[in-house]
Amino acid sequence: MDLKDCKIYLVTDEKACNGKDLYKCIEEAIKGGVKIVQLREKNISTKDFYEKALKVKEICKNYGVLFIINDRLDIAQIVKANGVHLGQSDMPIEKAREILKDKFLIGATARNVEEAKKVELLGADYIGSGAIFGTSTKDNAKKLEMEELKKIVASVKIPVFAIGGININNVGSLKNIGLQGICAVSGILSEKDCKKAVELMLKNFN
């Protein structure tokens, strides 16, 4: 699986499932067209995170989609994920690259052109940029203006995915600006039918 084949990137948040089974939601989303799944579960123990990672890895492996771990290099290595996503306050990208070599993808968060250029230089494989429409899943996420997102896309050669409050109703405004794809959390997991939500996102984004 190549990043160039990825349009819809699912970031997990079990609370967003509103009581639905997380693993079932992930599987349905993949059936709808998700090509990357990032396990991002805050406020759970390392043991629980590890166990969740094993289950999600198995689902991703069965469907041939990329599996990314949020923040935790140790977990990514232990479960043999495809990559790790690092925020601005996580381990420096260059140190992560030293540890992971070229065996793992490294995604990085960038909220402006300066950060985007820096993470590309340091060895990131792709960028997650937002929060483009605000978000309910991250308390400290600041809204990113559309013009700034366009500048970020134009400033780097690596793929850029928009994130933050993206759903079937607003995803259409992100097409044709050079993005590789979009990341969604609640916009997929909170929908009654996760598979249909992804299919509609793809249709509206392409």
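Residues numbered from 1 in each chain as written. Predicted model: local features only at pLDDT ≥ 70, side-chain atom pairs only at ≥ 80, totals over all residues. Heavy atoms only, no water.

1. Some remarks on the overall build of the protein chain
At step 1: Scanning the protein chain for helices and strands turns up eight helices and eight strands.
At step 2: The C-alpha radius of gyration computed for the protein chain amounts to 16 Å, which stays within 12% of the reference 17 Å derived for 206 residues, consistent with globular compactness.
At step 3: Relative to its full complement of 206 residues, the protein chain shows a buried share of 50%.
At step 4: On the protein chain, roughly 10,100 Å² of surface is accessible, and the fraction owed to carbon and sulfur atoms is 48%.
At step 5: Of the charged side chains in the protein chain, 34 are positive and 28 negative, and the gap between their average positions amounts to 2 Å. (Helix = DSSP H or I, 4+ residues; strand = E, 2+ residues; numbered from the N terminus. Rg over C-alpha atoms; globule rule 2.2 N^0.38 Å. Buried < 20%, exposed > 50% of the residue type's maximum accessible area, 1.4 Å probe, protein only. Areas by Shrake-Rupley, 256 points an atom, 1.4 Å probe, with all protein chains shown as cover. Lys, Arg positive; Asp, Glu negative; His and termini not counted. Charge placed at Lys NZ, Arg CZ, Asp CG, Glu CD.)

2. Side note on the side chain of Ser 155
At step 1: Following the sequence through the fold, Ser 155 ends up in helix α6 (residues 146-155).
At step 2: Judged by relative accessible area, which is 19%, Ser 155 ranks as buried.
At step 3: Polar contacts involving the side chain of Ser 155 include one to the main-chain carbonyl oxygen of Ile 152, which spans 2.8 Å.
At step 4: If near-sequence neighbours (up to four positions away) are discounted, Ser 155 is found in contact with Val 113, Ala 116, Lys 117 and Glu 120. (Polar contact = N/O pair within 3.5 Å; in protein donor to acceptor, adjacent residues only side chain to side chain. Contact = heavy atoms within 4.5 Å.)

3. Considering the nonpolar core
At step 1: With 74 residues, the main nonpolar core has Ile 69, Leu 174 and Ile 188 as its most contacted residues.
At step 2: Ranked by the residues each element gives to this core, the list is headed by helix α1 (residues 22-32), at six residues.
At step 3: Filtering out sequence-adjacent residues up to four positions away, Leu 174 remains in contact with Ile 132, Phe 133, Met 146, Leu 149, Ala 162, Ile 166, Leu 179, Ile 182 and Phe 205. (Core = buried A, V, L, I, M, F, W, Y, C linked by side-chain atoms within 4.5 Å.)

4. A word on the sheet that holds strand β8 (residues 181-184)
At step 1: If you walk around this closed barrel you meet the eight strands as β1-β2-β3-β4-β5-β6-β7-β8, and the pairing is parallel. The mean inter-strand angle of the sheet, taken between neighbouring strand axes irrespective of direction, is 25°.
At step 2: Inspection of the sheet shows strand β5 (residues 105-109) paired to strand β6 (residues 126-130) by three bridges, in the parallel sense. If you follow Ala 108 over to β6, its bridge partner there is Ile 127.
At step 3: Sheet strands touched by α6: β6 and β7 (160-163). Its angle to β7, the strand with the most contacts, is close to 160°.
At step 4: Relative to the sheet, helix α8 (residues 194-205) contacts β1 (8-11) and β8, its axis offset from that of β8 by approximately 150°. (Pairing = 2+ DSSP bridges. Axes fitted to C-alpha atoms, helices over the stretch in contact; angles between N-to-C directions.)

5. Details of the layout of surface pockets
At step 1: Roughly 170 Å³ of internal volume is contained in the second largest pocket.
At step 2: Taken together, 14 residues make up the lining of the second largest pocket; nearest its centre are Gln 88, Pro 92, Ile 93, Val 119 and Leu 122.
At step 3: With four residues, the single largest contributor to the lining of the second largest pocket is helix α5 (residues 113-122). (1 Å grid on protein atoms, 1.4 Å probe; cavity = no way out; pocket = protein on both sides within 12 Å on 5 of 7 lines; lining within 4 Å. Points joined across faces, edges and corners; volume = space filled by probe spheres on them.)

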